[in-house]
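# Overview (structure and organization)
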Amino acid sequence: MLSNQFQNGIETAKLAWAPLPNTEDGEGDEVVGVSRKNDGDRVESLDYEVVENHAYREEQAQRGKLYVGYYVGVKWLFALLIGVGTGLAAVFINISVENFAGWKFSLTFSVIQKSYVAGFLLYILINLVLVFSSAFIITNFAPAAAGSGIPEIKGYLNGVDTHGILLFRTLIGKIFGSIGSVGGGLALGKEGPLVHTGACIASLLGQGGSTKYHLSSRWLQFFNSDRDRRDLVTCGCAAGVAAAFRAPVGGVLFALEEVTSWWRSQLMWRVFFTSAIVAVVVRTAMGWCKSGKCGHFGSGGFIIWDISGGQEDYSFEELLPMAVIGVIGGLLGALFNQLTRYITYWRRNYLHKKGNRFKIIEVCLISVITSVISFGLPLFRKCSPCPEADPNFPIECPRPPGMYGNYVNFFCGKDKEYNDLATIFFNTQDDAIRNLFSAKTIHEYSAQSLLTFLVMFYTLAVVTFGTAVPAGQFVPGIMIGSTYGRLVGMFVVSFYKKLNIEEGTYALLGAASFLGGSMRMTVSLCVIMVEITNNLKLLPLIMLVLLISKAVGDAFNEGLYEEQARLRGIPLLESRPKYEMRKMQAKEACRNQKVVYFPRVIKVADVVSSLKSNNHNGFPVIDHTRSGETLVIGLVLRSHLLVLLQSKVDFQHSPLPCDTGGGSLPIRHNLSEFVKPASSKGISIHDIHLGPDDLEMYIDLAPFVNRSPYIVPDDMSLTKGLYGPSEEMIPFAQVYNLFRQLGLRHIFVVPRASRVIGMITRKDLLIEETDDPATVELQSTSVRSLSCLTHFCLPNFLTKIGYITEDMARGMERQRPHYSMVFWLNNIPPVDDVV
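Residues numbered from 1 in each chain as written. Predicted model: local features only at pLDDT ≥ 70, side-chain atom pairs only at ≥ 80, totals over all residues. Heavy atoms only, no water.

Further remarks concern helix α9 (residues 248-259). Think of an α-helix as turning once every 3.6 residues; residues three or four places apart then point the same way. In a regular helix each residue adds 1.5 Å, so twelve residues correspond to 16 Å; α9 covers 16 Å between its end C-alpha atoms and thus fits that length. Buried within α9 are the following residues: Gly250, Gly251, Val252, Phe254, Ala255, Glu258 and Val259. (Helix = DSSP H or I, 4+ residues; strand = E, 2+ residues; numbered from the N terminus. Expected span 1.5 Å × (residues − 1). Buried < 20%, exposed > 50% of the residue type's maximum accessible area, 1.4 Å probe, protein only.)

Written as structure tokens, this is what we have:
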């Protein structure tokens, strides 16, 4: 296992050029060290980089300031729509779950008044029907909706697209599957699926809806690039967290800390606006439901556990047991990650390969076991007498029949008794957590009941996570952590008898510690816990247990989402490169492989042959100068080549460049034609049918290449590190961080440049506007003596040295403010030396 992780860390850098795995039916060899996807879906990189081909530059040149303002305004409009849509989806899921749970418990309580056996069978049957409906929807309609979806969304924002994760059927499967699985009482939550739901809503809005199900609108088809979709999906992730926990600030920080690899200040504003809209929608819906129009919803459903009336202060003596809670959370969280990894690996490679029938049988069997445990174990516990009523904190004991909350009367012989284990087990998860967090309820639970619940629910959560239903791990993690946290609180109360200590405070700290030990989040999780508990005084304590639990968990394994992403074959580029990369150079990452390149004018048959013989997604394009020198003029994408082959409008009979007569390059396409639908496989070379005459024709690739790809010298290090007193590498990554932070898909590696014709400093990039609004000048200081070269004379100079063609020179003249920002002009070698 460790050797595989070691090898995977080294091979991650090779993704700059190598194709990602493409296997069918779970078979095929691993490609460049990346774990294959066991379910056979294709995983490939996204094109976050702007393809600056001739069509793009022509389109940008025609757009003025009015279009830029319209473009920004539409982005804010989409942020509003994402917030409203995610909020309404969360309201629908919560109302449905609460009503199903309410009907289930009401019917069960009414039946057990006559017969516990009949109530037991009815309880199992209702849960089984709900869980079966969820599993049936997932296996037969939306397989990509299984699980929490956060690893897939994290991979998408990291630059990896998994087929099907953002489709319309995935959204529907996520919503209705979550209702069935959570309403059926499984040991999972709906918060992770809500993050995936928000991302799906954002992606569908960005591409104008779903064309397959005829639910699209041309008015919404505005953002076609992967770069724009990335921003929208980021807003959707934050909206999902804000809707799940009613924590808008926590949603913004979750998107920033956990799922995104690329961030900027403008995106922060839109994400914050989206989260605020979600908070308004959810609060409005809850206010409407309090009037009794939402059935059993009432005040439950949305996670918010107000413990502001609990412990007001804490003493120095309590810091030690609180630190112990952090250590326990780190250990149990790391163990949870390891166990779920083993079980998920076995499930995906053995059980789930047998077909959908076994997936459904597995989930139904787990549902029956969960129902038996949650209904049967409280029957073996003795009931406890109700505590004396506190006029300052009135809690009815026991609850009336048919109600669920604190002090549930379950299988009790007397009226003034309650079953403490049923208060946790035979309850909705939201209400069970609210009971564990509740203040002024000292000695409500016995240590035996809490320990029994901890062991059983921990086991159920491990087994349930990874089944073929939407499964979040936030709420189960909170329940597990709050249970052992309350156990520690009971010990502290009995040990420090003179202190005003609330067990509910320790339950909150336990919940934070387990989530920190499992998911390894710090800042966002801290803010979420403060927002859902409405108690700012506990902030320093939450920070303490989160830091300890994360440090302990990191000593054993990675976070839950990183582990699950690796199992799903999602090649994430983490924020820090692997330690083994410190001695590697860019040319070593390329493995000295031979690059497949195209000439500027190429025969159609050669393009088809190259696309069929390899899985590369980008190809260098070369041209020859008048002196016969070979130059790399840019990069053409595989997806663009497929569009050209399918349309056939750019085919020509002549093997000469189409602009040899001095005219401009013809553009017969707009940018929208080259857009691949989100989370879709796109066009395949096997879907294109060309006749013998078509194969004998030629294509001029010059108008479609990206003329400004990123280039690095071959001896640039993958990571350049400094070593401190503890010998820990402080990475100042070069190639790795360039690739990850810019969201690149390809990087050219060339020998070191032989000459420099100019240098740009910070001051050179400061734009000074003159009296003429149409005139913009760059304040050049470092190369002022080359002003003629870098402004008016640069095109002629580059033409004379054979670096560009005359047509390219005319294009630079038309876009004078842009070409003066060229930093370095490398003496690019012949293509045979390009690795």
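Across the sheet, three strands lie side by side as β7-β9-β10; this open sheet has mixed pairing. Bordering the open sheet on either side are β7 (598-599) and β10 (630-637), each of which pairs with just one other strand. Against the sheet, helix α23 (residues 638-647) engages β7, β9 (618-624) and β10, with an angle of about 80 degrees to β10. (Pairing = 2+ DSSP bridges. Contact = heavy atoms within 4.5 Å. Axes fitted to C-alpha atoms, helices over the stretch in contact; angles between N-to-C directions.)

Despite not being glycine, Arg246 shows a phi value in the positive range, around 55 degrees. With respect to the helices and strands, the residue Arg246 is situated in the loop between α8 (226-245) and α9. The exposure class of Arg246 is buried, given its relative accessible area of 18%. If you check the backbone angles, Phe411 has positive phi at about 60 degrees while not being a glycine. On the secondary structure map, Phe411 appears in the loop between β5 (384-385) and β6 (417-418).

As a further point, take the packing of helix α3 (residues 65-112) against helix α10 (residues 265-293). Packed helix pairs are specified by the crossing angle of their axes together with the interaxial distance, meaning the distance between the axes. Packing of α3 against α10 leaves a shortest axis separation of 8 Å and a crossing angle of 35 degrees. Note on packing geometry: the crossing formed by α3 with α10 is right-handed. Contacts between α3 and α10 involve Lys75, Trp76, Ala79, Leu80, Ile82, Gly83, Val84, Gly87, Leu88, Val91 and Ile95 on the former and, on the latter, Trp269, Arg270, Phe273, Thr274, Ile277, Val278, Val281, Val282, Ala285 and Cys289. Class assignment for the residues of the contact of α3 with α10 results in 16 nonpolar, three polar and two charged. (Left-handed = near helix turned anticlockwise from the far one by under 90°. Nonpolar A, V, L, I, M, F, W, Y, C, P; charged D, E, K, R; others polar.)

Attention now goes to a nonpolar patch on the surface. On the surface, a nonpolar cluster with roughly 370 Å² of combined accessible area is contributed by Leu77, Leu80, Leu81, Val84 and Leu88. Assignment of secondary structure puts Leu80 in helix α3. Owing to a relative accessible area of 31%, Leu80 belongs among the partly exposed residues under this scheme. (Patch = residues over 30% accessible without salt bridge, like charges linked within 9 Å, V, L, I, M, F, W, Y side chains within 5 Å. Areas by Shrake-Rupley, 256 points an atom, 1.4 Å probe, with all protein chains shown as cover. Salt bridge = Lys/Arg side-chain N within 4 Å of Asp/Glu carboxyl O.)

Turning to the nonpolar core, a few remarks are in order. One finds Phe245, Phe474, Met529 and Ile542 to be the most contacted residues of the largest nonpolar core, which totals 116 residues. Residue assignment places this core across two domains, with domain 1 (63-290) and domain 2 (327-568) each supplying three or more. Grouped together as the second largest cluster of nonpolar side chains are 25 residues, Val607, Ile633, Leu645 and Leu690 included. (Core = buried A, V, L, I, M, F, W, Y, C linked by side-chain atoms within 4.5 Å. Domains from an automatic or database assignment.)

Pairing in this open sheet of three strands is antiparallel, and the strands run β8-β12-β11 from one edge to the other. Two strands close off the open sheet at either side, each with one partner strand: β8 (601-603) and β11 (651-652). Where β11 meets strand β12 (residues 698-700), two bridges bridge the pair, whose relative direction is antiparallel. Within the sheet, the bridge partner assigned to Phe651 lies in β12 and is Ile699.

In this section: the pattern of salt bridges. Two side chains that carry opposite charge are able to pair once their charged atoms sit near each other. Summed over the entire model, instances satisfying the criterion amount to 23 salt bridges. Of the charged contacts, one joins Asp623 and Arg600 as a salt bridge, the two residues approaching to 3.7 Å between their closest N and O atoms. Separated by 23 residues along the polypeptide, Asp623 in strand β9 and Arg600 in the loop between β7 and β8 bring together distant segments of the chain. Exposure class is identical for Asp623 and Arg600. Each is buried. One network of salt bridges, with partners in common, ties together Lys75, Asp228, Asp231, Arg264 and Arg270.

Within the secondary structure, Ile699 sits in strand β12. Excluding residues within four positions of it along the chain, Ile699 makes contact with Arg600, Val601, Ile602, Val604, Leu644, Leu645, Asp650 and Phe651.

For the rest of this paragraph, the subject is the packing of aromatic side chains. Per the stated rule, a full pass over the model turns up 27 aromatic pairs. Judged by centre distance (5.0 Å) and plane angle (45 degrees), the ring pair of Tyr123 and Phe426 falls under tilted. With a gap of 303 residues between them, Tyr123 in helix α4 (residues 116-140) and Phe426 in the loop between α13 (420-425) and α14 (429-437) connect regions that are remote in the sequence. Neither Tyr123 nor Phe426 differs from the other in exposure class; each is buried. Measuring from centroid to centroid gives 6.2 Å for Tyr458 and Phe514, while their planes differ by 80 degrees, and the two rings are edge-to-face. In this pair, Tyr458 is assigned in helix α15 (residues 447-464) and Phe514 in helix α17 (residues 503-519), connecting sequence segments 56 residues apart. In this structure an aromatic cluster arises from ring pairing among Phe105, Phe109, Tyr116, Phe120, Tyr123, Phe375, Phe410, Phe411 and Phe426. For Lys104, the ring lying beneath its charged end belongs to Phe105, and the centroid distance is 5.1 Å. (Phe/Tyr/Trp six-rings, centres within 6.5 Å; stacked < 30°, edge-to-face > 60°. Lys NZ or Arg CZ within 6 Å of the ring centre and 35° of its normal.)

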